[in-house]
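Reading the structure
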Amino acid sequence: MEAIAANLASSETVPPSTVEDRSQNTDGATDSAAIKLDAAAQAHITKHRKLQEDLTDEMVGLARQLKESTLMINQSIKNIEKILDSTEEAVERSLARGDCTNAWESNVGILVLLLGLGKTKKNFKDVDHPDLLHLPVDDESHVLSHQLKDETCEQVRNCFLHDDPLVLINDEINNYKITSLHDPMKRIKLLCNACSRPITKTPFYKCSIDDDFVLHDWCNRLPKEVRGHPGYPEHTLLHSRLIYTGSGAICRICGLPCNGIIYYCYCCDFLTDVSCALMPKEITHEAHADHILTRVESSRSGASKKECHSCRVSIGGESENYFKCNACDFYLDCRCALQLPKTVMHKFDKHPLQLSYAPIEDHKSQYFCEVCEEELDPGKWFYHCAACAQSIHSACAPLILQSEQGVNSSDLEGVYKFINIKFGHVEKRPFHQHPMLFAPGTENDGLCHECGSKLQSQMIWKCLHCNFACHCYHELKSLLNPSVGQRLIYIFGENKRMIKQRESQRSLEFYPSEMMRPETRDWKVVDDIQ
């Protein structure tokens with residue numbers, strides 16, 4: 001056995017020189033094989049190596065995207081669960097109160113919300129739309145500040161806007177007097193006489209004589225005329241202003257009253273406010289940021305009535321304009337698209353309130369407005385402070401003065417009804433002996449002294465010395481009909497005590513100044529006739 005093992009060992013042992021020779025032969029064979037590869041083969045190998053590297057990189061990228069998508073889906077599921085929980089609680093509360101209508105609306109609203117959770121893909125390039133207006137604007141100033149950007153002048157005299165010289169104010173302390181900017185936290189309201197929007201920063205223009213007349217810097221550069229307006233392309237609209245100060249004209253585009261600068265056709269009486277006259281052709285909005293919204297006129301669209309995504313009110317009217325996404329079912333009326341800023345300030349909250357497009361996550365209590373103290377539908381756009389968990393109706397956000405509390409009625413939605421009206425001027429009117437204040441009617445103002453109907457959410461004349469108030473349109477009737485004016489002067493005299501009626505009526509009753517004993521004939525007792 002030992003001999004056999006020795007023979008095997010000797011047969012398996014290889015001399016070192018033999019191993020080295022084999023190694024050298026192998027290297028030489030490899031070198032000779034590499035040298036023999038032609039250029040086509042080398043290119044082929046390089047091409048496949050590059051394809052393999054690209055494929056690896058692509059697989060790594062797909063894996064990363066898959067991970068991110070998974071995280072987004074998980075987060076969306078969590079958000080949906082929270083929204084469903086809050087909706088279920090709201091429905092249960094509605095059913096407990098016996099309000100089946102609100103329960104149904106809550107279900108419909110949450111369905112619409114869930115359908116819109118998916119992110120859209122951007123369908124335009126910024127370089128192709130250099131003048132595209134991105135909304136909402138940051139503050140309450142005006143979208144015109146992003147459309148009119150020319151340089152300012154030190155001093156101007158625009159006779160068409162105002163008869164007296166206008167002076168440029170560069171800071172709050174100037175040569176005339178201290179001018180306070182619009183500040184909701186201090187309940188200071190400074191509105192432009194052209195567009196009726198807050199003046200929140202300098203520079204701006206101020207009349208050197210009339211302290212109440214102020215203009216945004218950009219409102220002093222408004223064009224004199226507008227040609228080819230989409231709502232009325234037939235005629236040219238001319239820059240104008242209202243002579244009568246006791247009311248507002250109704251814009252034919254948005255349907256809101258205005259008493260600032262207007263654009264008017266003297267041939268056809270077509271009238272529009274500043275915002276609607278310079279309405280952009282296309283915009284983007286943060287609520288639907290990846291798609292362009294195109295301006296459409298409802299009367300010429302040929303489509304059925306649509307619902308505004310903000311206020312949930314049907315879009316209609318003879319010449320109302322709205323914005324439409326051509327890629328999906330998204331609509332905004334011109335009021336909600338242009339008039340709602342991204343942030344607002346209010347005395348009821350120390351933080352800026354953000355424009356919210358959907359119910360707030362982890363909102364534990366019932367939604368209600370801090371201004372009007374009425375319920376708030378989170379399915380409609382509203383303003384919200386996440387730090388304080390406080391919310392405000394979008395229509396109540398501009399109401400910052402104490403005297404404005406109770407202006408809005410419960411049926412107002414979307415944009416504040418008088419967003420284009422500047423109130424506050426005091427003057428003598430022919431139908432009353434005391435100075436009158438032009439103001440929005442509140443719930444506390446009660447009933448009109450002329451017709452007996454409510455003054456809330458109406459433009460009114462309000463006496464500063466007595467309890468008299470009436471709708472502004474009654475004075476317009478008196479201007480058109482002198483006999484009505486004489487009647488107004490008669491019934492508004494303070495020597496009469498009027499019985500307030502809770503229903504509209506045309507005849508009014510007064511208490512007599514003194515009680516009189518009725519007159520009777522002379523009489524005497526006579527004997528019975530036989």
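Residue numbers here run from 1 along each chain, matching the order of that chain's written sequence. Selection of residues for local features in this predicted model requires a pLDDT of at least 70, selection of side-chain atom pairs for listing and counting requires 80 or more, and totals for whole chains, interfaces and linings are taken over all residues. For the side-chain quantities, the full set of heavy atoms in the structure was used; hydrogens and water were omitted.

1. Overview of the packing of aromatic side chains
By convention, a stacked pair of Phe, Tyr or Trp rings (six-membered ring in the case of Trp) has centres within 6.5 Å and planes under 30 degrees apart, an edge-to-face pair has planes over 60 apart, and any other such pair is tilted. Counted under the stated rule, the structure contains nine aromatic pairs. Where Tyr367 meets Phe382, the ring centres are 5.8 Å apart and the plane angle is 75 degrees; that geometry is what we call edge-to-face. Of this pair, Tyr367 sits in the loop between strand S19 (349–356) and strand S20 (382–385) while Phe382 is found in strand S20, placing the two residues 15 residues apart along the sequence. For the exposure calls, accessible area comes from a 1.4 Å probe over protein chains only, and a residue counts as buried if that area is under 20% of its type's maximum, exposed if over 50%, partly exposed in between. Given the relative accessible area of 11%, Tyr367 is considered buried. A residue is classified by how much of its surface remains accessible, and Phe382, at 1% relative accessible area, is buried. Ring centres 5.6 Å apart and planes at 50 degrees place the aromatic pair Phe438 and Trp461 in the tilted group. With Phe438 in strand S23 (residues 436–440) and Trp461 in strand S24 (residues 459–463), the pair connects residues that are 23 residues apart, well separated along the chain. Under the relative-accessibility criterion, Phe438 is labelled buried at 0%. Its guanidinium or amino end placed over the ring of Phe124, Lys122 lies 4.9 Å from that ring's centre, counting from NZ or CZ. The numbering of helices and of strands both runs from the N terminus, where a helix is a DSSP run of H or I of at least 4 residues and a strand a run of E of at least 2. Only when the NZ atom of a Lys or the CZ atom of an Arg is both within 6 Å of the ring centre and within 35 degrees of the ring normal do we say a charge sits over the ring.

2. With respect to the pattern of salt bridges
What counts as a salt bridge is simple: a side-chain nitrogen of Lys or Arg found within 4 Å of a carboxyl oxygen of Asp or Glu. Across all of its chains, the model carries eleven salt bridges by this definition. Close ionic contact of Glu286 with Lys342 constitutes a salt bridge, the shortest N to O distance being 3.4 Å. Of this pair, Glu286 sits in the loop between strand S12 (282–285) and strand S13 (293–297) while Lys342 sits in the loop between helix H7 (334–339) and strand S18 (343–346); the two residues are 56 residues apart in sequence, bridging distant segments of the chain. Overall, Glu286 belongs to the partly exposed group, its relative accessible area being 38%. On the accessibility criterion, Lys342 (30% relative accessible area) is partly exposed.

3. Brief notes about the environment of Ile292
Residue placement: Ile292 occurs in the loop between S12 and S13. As a C-alpha pair, Ile292 and Glu282 span ten residues in sequence and 6.7 Å in three-dimensional space. With residues up to four places along the chain from it excluded, the contact list for Ile292 reads Asn123, Phe124, His129, Leu132, Glu282, Ile283, Thr284, Lys324, Cys325 and Asn326. In this description, contact between two residues means that some pair of their heavy atoms is separated by no more than 4.5 Å.

4. Here's the deal with the sheet that holds strand S6 (residues 225–226)
If you trace the four strands from one edge of the open sheet to the other, you get S6-S7-S10-S11, paired in antiparallel fashion. Strands at the two margins of the open sheet, each flanked by one partner only, are S6 and strand S11 (271–273). Whether two strands pair depends on DSSP finding at least two bridges between them.

5. Section: the nonpolar core
The biggest cluster of nonpolar side chains holds 93 residues, and the ones touching the most others in it are Cys219, Leu222, Tyr383 and Ile392. Nine residue types can take part in a nonpolar core, namely buried Ala, Val, Leu, Ile, Met, Phe, Trp, Tyr and Cys, and a core is a set of them joined through side-chain atoms within 4.5 Å. Cys258, Ile262, Tyr264 and Leu271 belong to the second-largest nonpolar core, a separate cluster that totals five residues.

6. Let's talk about the environment of Cys472
Mapped onto the elements, Cys472 comes out in helix H8 (residues 472–480). Distance in space between the C-alpha atoms of Cys472 and Gln458 is 8.3 Å, their sequence separation being 14 residues.

7. Section: a negative patch on the surface
Two joining distances apply to patches: 9 Å for like charges and 5 Å for nonpolar side chains (Val, Leu, Ile, Met, Phe, Trp, Tyr), and every residue must have over 30% relative accessible area and no salt bridge. Note on areas: Shrake-Rupley, 1.4 Å probe, and residue coverage restricted to the protein chains presented here. By the counting rule applied here, Lys and Arg register as positive and Asp and Glu as negative, while His and the ends of each chain are not counted. To locate a charge, take NZ of a lysine, CZ of an arginine, CG of an aspartate or CD of a glutamate. A surface patch of negative charge is lined by Glu373, Glu374, Glu375 and Glu443. Assignment of secondary structure puts Glu443 in the loop between S23 and S24.

8. Focus: unusual backbone geometry
Of the consecutive residues Leu135 and Pro136, the connecting peptide bond is found in the cis state with omega at 0 degrees. Within the fold, Pro136 resides in the loop between strand S1 (133–135) and strand S2 (155–156). Residues Thr202 and Pro203 are joined by a peptide bond in cis, for which omega reads 0 degrees. Within the element layout of this structure, Pro203 appears in the loop between strand S3 (166–169) and strand S4 (204–207).

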